[in-house]
There are 2 protein chains.
Amino acid sequence: MDGRIGDISPPGRLADPADGISLEELALAARNHGLPLEALRYDLTPPGLHYVLIHYDIPAARADDWRLTVGGRVRTPLTLDIETLRSFPAVTHRVTMECAGNGRARLTPRPVSQPWLVEAVGTAEWTGVPLRLLLAEAGVEPDAVEAVFSGADHGVERGVEQDYQRSLPLTVAAGSDPYPEVLVAYGMNGGPMPPQHGHPLRLVVPGWYGMAHVKWLREITLTDTPFTGFQQAVAYRYRQEADDPGEPVTRISPRALMIPPGFPDFMSRTRVVRPGRVLLEGRAWSGYAPVTTVEVSTDGGRSWSAATLASPDEHGWAWRQWQASWTAAPGSHVLSARATDAEGNTQPLAQPWNRGGFGNNLVQQISVLCPQDG
Amino acid sequence: MDGRIGDISPPGRLADPADGISLEELALAARNHGLPLEALRYDLTPPGLHYVLIHYDIPAARADDWRLTVGGRVRTPLTLDIETLRSFPAVTHRVTMECAGNGRARLTPRPVSQPWLVEAVGTAEWTGVPLRLLLAEAGVEPDAVEAVFSGADHGVERGVEQDYQRSLPLTVAAGSDPYPEVLVAYGMNGGPMPPQHGHPLRLVVPGWYGMAHVKWLREITLTDTPFTGFQQAVAYRYRQEADDPGEPVTRISPRALMIPPGFPDFMSRTRVVRPGRVLLEGRAWSGYAPVTTVEVSTDGGRSWSAATLASPDEHGWAWRQWQASWTAAPGSHVLSARATDAEGNTQPLAQPWNRGGFGNNLVQQISVLCPQDG
């Protein structure tokens, strides 16, 4: 090794279909973590059960000397400490957040990165300042088209040394109708922001995959041209070939997840249920529009029946609960659930493959054994 | 499949050395999670960063109708609700907890189970009732030799359906000199017990690997013969062959971990440091006796030098901080740290293999690049 960063920072690759998960993928899976699916029972996911994906390290950030700057194409650049941010009117939004790479490890061939199965999700109440108030305070120049958000986490990715950065179109950042309010958040579930969720400040962009919710937020820059940084133009794009420009990853595709019924085998995670009536329940969400239908299959996807969906409430960007009843008979079963939203987006029964492994909302499959001997 | 539990609950096995991590192992790694190593910076590990290993599911437990029973070889069986437990004098102990399987995924051949690398550790302050007070209240019969602890998490493991159960010798359970006080804990880090750490009650056994700290604790039974349940007599034993009776896994072997210096490459997790002085720091612990020496190697284990260890404090069963200085020169380096305790227990440089992958305290190795171009 001749001592260049490129030597330790490999390009994106696909695993050979015969290969198991590599130790590098495992190292990511041991750091980051998903929602244990039984935790779908909680309306709000407690810290430690909410999924976490951290590209580099959790920064050693302190609230008392943290500064957020708002600059670029604004009339009055701002430098804000946490106390000042808390002096703005606070709002709290319940938001379901999901990693864009959720489902990646179920793809064939498997893109080599954080190897999520189906569990990279969580719902929290985030408290903070509406970003539109900060933009109004700074005064956005008429030629601004995007807001670029910079976090404090620093690392290398595919040879590029960087602070984590992402942008949003100005209309989305400002929460202009019909877009929901974007938050600069300093609290989670009524308490302080945990280190791994962005302490002391993070962005919250309802309806968007997690890569947009920049953690350890320290800089907002308004620009008059679209941002072309690594996480915008290289990573987080739907592409079939490495040299496609691809389409940007943005909003969350619909998904329903079921709480695995019964109890598990430790190693295979196969579920065991007793014969008779079993309540199937879970959550469903979409970043495009409210979920309007959840269907359940107990025969491996051959037939589907409608689940009962909780009534719409004020939390339009959070998951909704659903329930269905199943009479388990002795034998082996495969259970699935499928969500459809008000815009007609639904979940596929065949993998929606792309080279980065993004947005794989293939329906969940849960293997269940109902023992002969009861 | 003919519908028997044994069909979905495989026996223990070793992975073929050519095999990657299986999807079953990945499913465990996605549920359970370790300490991101930069979180070694916190004296007390926040929830969500502390390691978690859950054999089955997190039970849907509620504090207000929870009952703990103390029975078996006692004069007065007890049934205690949380309010009653809180009426006993409360104590708080700072304890470093580590999974007995930490390091398993670095073994060759690799035992197939939860695939930890080195990160299954955390330190918390646990608040609760000393178990000895409950035993005194119940009045232990003279013929009692063990206390058996039953949790509410229910599942199947290697064909055996079970509630999670473990025992301790009565002398350990009672905290008889020289053993530290065992707690029935209802609080963590000054707050309530999180669901994944055993809400509303768990056992805390300072110095022992995590399998002894039974979560979702609902029953304590004093017995006049040693407990032979699955987690005591089948799992958690050091054995070389499947049919060895083996030796029980008990206390935590010494380990030092270093906070990976510099910043990481996303995928390989290789670290990048600038040339010049680098502060190396981390934590060290042992379940046998206080750590007395930490040594650091920056040349892949060929030479070692002493690190500076924090002075002993009142937290005898928690990790101790250590620091060392290193002058990084351009090139590739492998950093390691090694702990030795007051009883002379230390960390091996060759893997201490056993069939369950327990107690692998092989020294950590961190790959670091110091780029030529600064």
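**Student:** I keep staring at the interface of chain A and chain B and nothing clicks. Help me out?
**Tutor:** As a measure of interface size, the accessible area lost when the parts come together is often cited. Opposite the 71 residues of chain A that make contact, chain B presents 70 residues. Carbon and sulfur atoms supply 63% of the area that chain A and chain B bury against each other, a total of about 5900 Å² over both sides. For chain A, the biggest contributors to the area lost against chain B are Ile8, Phe266 and Met267 of chain A; these three give 13% of the whole. The tally of links between chain A and chain B comes to six salt bridges. Note that Arg274 of chain A is salt-bridged to Glu161 of chain B, the shortest N-O span being 2.7 Å. Sorting the residues of the side of chain A that touches chain B by element identifies helix 1 (23–31), strand 5 (146–157), strand 14 (263–264), strand 15 (271–272) and strand 22 (366–370) of chain A as the ones contributing at least two each. The residue makeup of the side of chain A that touches chain B, split by class, is 36 nonpolar, 19 polar and 16 charged.

**Student:** So what exactly am I meant to see when it comes to the pairing of strand 17 (residues 291–297) of chain B here?
**Tutor:** Residues and elements named next belong to chain B. In terms of residue burial, strand 17 counts as a mostly covered element, since five of its seven residues are buried. Direction of pairing for strand 17 relative to strand 21 (residues 331–341): antiparallel, over a ladder of six bridges. Bridge pairing links Val296 to Ala337 in strand 21. Here strand 17 pairs with strand 18 (residues 305–306) via two bridges, running antiparallel. When the sheet's bridge partners are listed, Val296 is paired in strand 18 with Ser305.

**Student:** Explain unusual backbone geometry to me, please; I cannot follow it from the model alone.
**Tutor:** In most cases, non-glycine residues show a negative phi, while peptide bonds are predominantly trans. Residue and element names in this part refer to chain A. In this model, Thr108 is joined to Pro109 through a cis peptide bond whose omega is -10°. Mapped onto the secondary structure, Pro109 falls in the loop between strand 3 (91–98) and strand 4 (121–130). Unusually for a residue other than glycine, Arg158 sits at a positive phi of about 45°. One non-glycine residue, Arg269, lies in positive phi territory at about 60°. Tracing the backbone through its elements, the reader meets Arg269 in the loop between strand 14 and strand 15. Take Arg269: its relative accessible area is 15%, and that puts it in the buried class.

Conventions we followed
Residues numbered from 1 in each chain as written. Chains lettered and ligands numbered in written order. Predicted model: local features only at pLDDT ≥ 70, side-chain atom pairs only at ≥ 80, totals over all residues. Heavy atoms only, no water. Contact = heavy atoms within 4.5 Å. Buried area = accessible area lost by both parts, 1.4 Å probe. Salt bridge = Lys/Arg side-chain N within 4 Å of Asp/Glu carboxyl O. Helix = DSSP H or I, 4+ residues; strand = E, 2+ residues; numbered from the N terminus. Nonpolar A, V, L, I, M, F, W, Y, C, P; charged D, E, K, R; others polar. Buried < 20%, exposed > 50% of the residue type's maximum accessible area, 1.4 Å probe, protein only. Pairing = 2+ DSSP bridges.

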